[in-house]
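Descriptive analysis of the structure
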Amino acid sequence: MTTTPIVIAGPTGTGKSDLALRLAHSLGGEIVNYDSVQIYRGFDIGSAKPTAETRARVPHHLFDMIDADSEFNASAYAERARAVCDDIAARGRRAILAGGTFFYLRALLHGLPEMPSRDAGIRERIRAIANRPRGSARLHRWLSIVDPRSGERIAPADRHRVERALEVWLTSGRPISEWERPGSAAAEEMVTTKIGLRMERSRLVARLDERVAAMYEAGLVDETRGLLARYPRSARPFGAIGYAEAAAIVMGEIGVDAAIGETRRRTRAYAKRQMTWLRAERNMQWIDVTLRDDPFAAAMRLIELSEGSD
RNA sequence: GGAGAGUUGGCUGAGCGGUCAAAAGCAGCAGACUGUAAAUCUGCCGGGCCACGCCCUACGAAGGUUCGAAUCCUCCACUCUCCA
């Protein structure tokens, strides 16, 4: 019996969690989350987190692992996920990775290059410049001087990447573009069986619209109100789709209809970005989710096929 | 019945004689993605082409003024507000 991890990918709303659960049941698997919002405690409804009951039936890992106001990033994720996956395999079980943050997934499967991590002090200095008039242009010019390669590759308006590149330069004295030499990082991708769920766009959109409405009905705003009482609004997950809009309702900034509309809009855009990412992903085995075919059966077939030799 | 306001590309909405195939936003499409990633960003977006330029069709309809009109005039259609 193999312990090769299975990755379930696909845009939001295609049924990844359900499939993962069923696979876990029949393969003796344990679910490992790679969703950047489901890792936060208390952010349940808006992140479509598996319920307590389903989590009681099959082991679930990396859900509710951190508080909203604590520092977290892809590297920290990769580290913990790696440990969890190793542990599962060591027990002769099989990790079933489910989620939607493909950047996290990549960090886990490929590893991130050795590189200085975030530095709050430096970050503040950079941010101070960014907030001045024409600040972002200034930062980009600065970057272009110290690290021309990155200056060319990163768009001036892409403030996150400009800031990070400068941060790496300021903390290490080396351009970020030099930290990435091949061979230095974990170049080998972890061996997994990757299954992607996809759905016809119009159908997906209809489903997503419905799901967003359902989240509001299920109490997303109340949940958010409670979370806002515990964490500052600037906490990362309050920027997530659904939570940002629900927080705006709580603060009396917008009405429910506008919030739902905005959440739907962002959800659709998110699903699209996910598909763009996934199209470039290698070794993905796709399952077209339709009304009549059972994705579970298809997934089992794919798994048998790709692992038939063992 | 009377007095106004309006009709612009899939939607919202600028433009108010040339530099307008028509700002901006949304939606759509494609893409990027090296420690904020449900984030952040890029490109395309009337049609056609032997495409960094040309052609065609376009700003409710039809006429007209003008070298030139989405922009001015006439008329028709429809929408809206107000007064009866």
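See the structure shown above.
What you are looking at is a predicted structure, and each value in this text was computed from that prediction instead of being measured. (Residues numbered from 1 in each chain as written. Chains lettered and ligands numbered in written order. Predicted model: local features only at pLDDT ≥ 70, side-chain atom pairs only at ≥ 80, totals over all residues.)

Strands sit in the order 3-2-4-1-5-6 across an open sheet of six strands; the sheet is parallel. Both outer strands of the open sheet, strand 3 (60–61) and strand 6 (284–288), are each paired with one neighbouring strand and no more. Pairing between strand 1 (residues 6–9) and strand 4 (residues 94–98): three bridges, direction parallel. Bridging from a neighbouring strand, isoleucine 8 pairs with alanine 98 of strand 4. Sheet strands in contact with helix 13 (residues 295–307) are strand 1, strand 5 (193–198) and strand 6, and its direction is about 155 degrees off that of strand 5. (Pairing = 2+ DSSP bridges. Helix = DSSP H or I, 4+ residues; strand = E, 2+ residues; numbered from the N terminus. Contact = placed C-beta atoms within 7 Å. Axes fitted to C-alpha atoms, helices over the stretch in contact; angles between N-to-C directions.)

With 58 residues, the main nonpolar core has Ile8, Ala20, Val32, Ala81, Ile96 and Leu97 as its most contacted residues. Element by element, the count of residues in this core is highest for helix 3 (residues 74–90), at six residues. Not counting the four nearest positions on each side in its chain, valine 32 is found in contact with His61, Leu62, Ala81, Val84, Cys85, Ala95, Ile96 and Leu97. If you look at the next biggest cluster of nonpolar residues, it comprises ten residues, including Leu139, Val162, Ala165 and Val168. (Core = buried A, V, L, I, M, F, W, Y, C linked by C-beta atoms within 7 Å. Buried ≥ 20, exposed ≤ 12 C-beta atoms within 10 Å, placed from the backbone.)

Before going further, it helps to spend a moment on the environment of alanine 297. Position of alanine 297 among the secondary structure elements: in helix 13. Residue classification places alanine 297 among the exposed positions, given that 11 C-beta atoms sit within 10 Å. Placed 264 residues apart in sequence, alanine 297 and asparagine 33 show a C-alpha to C-alpha distance of 22 Å.

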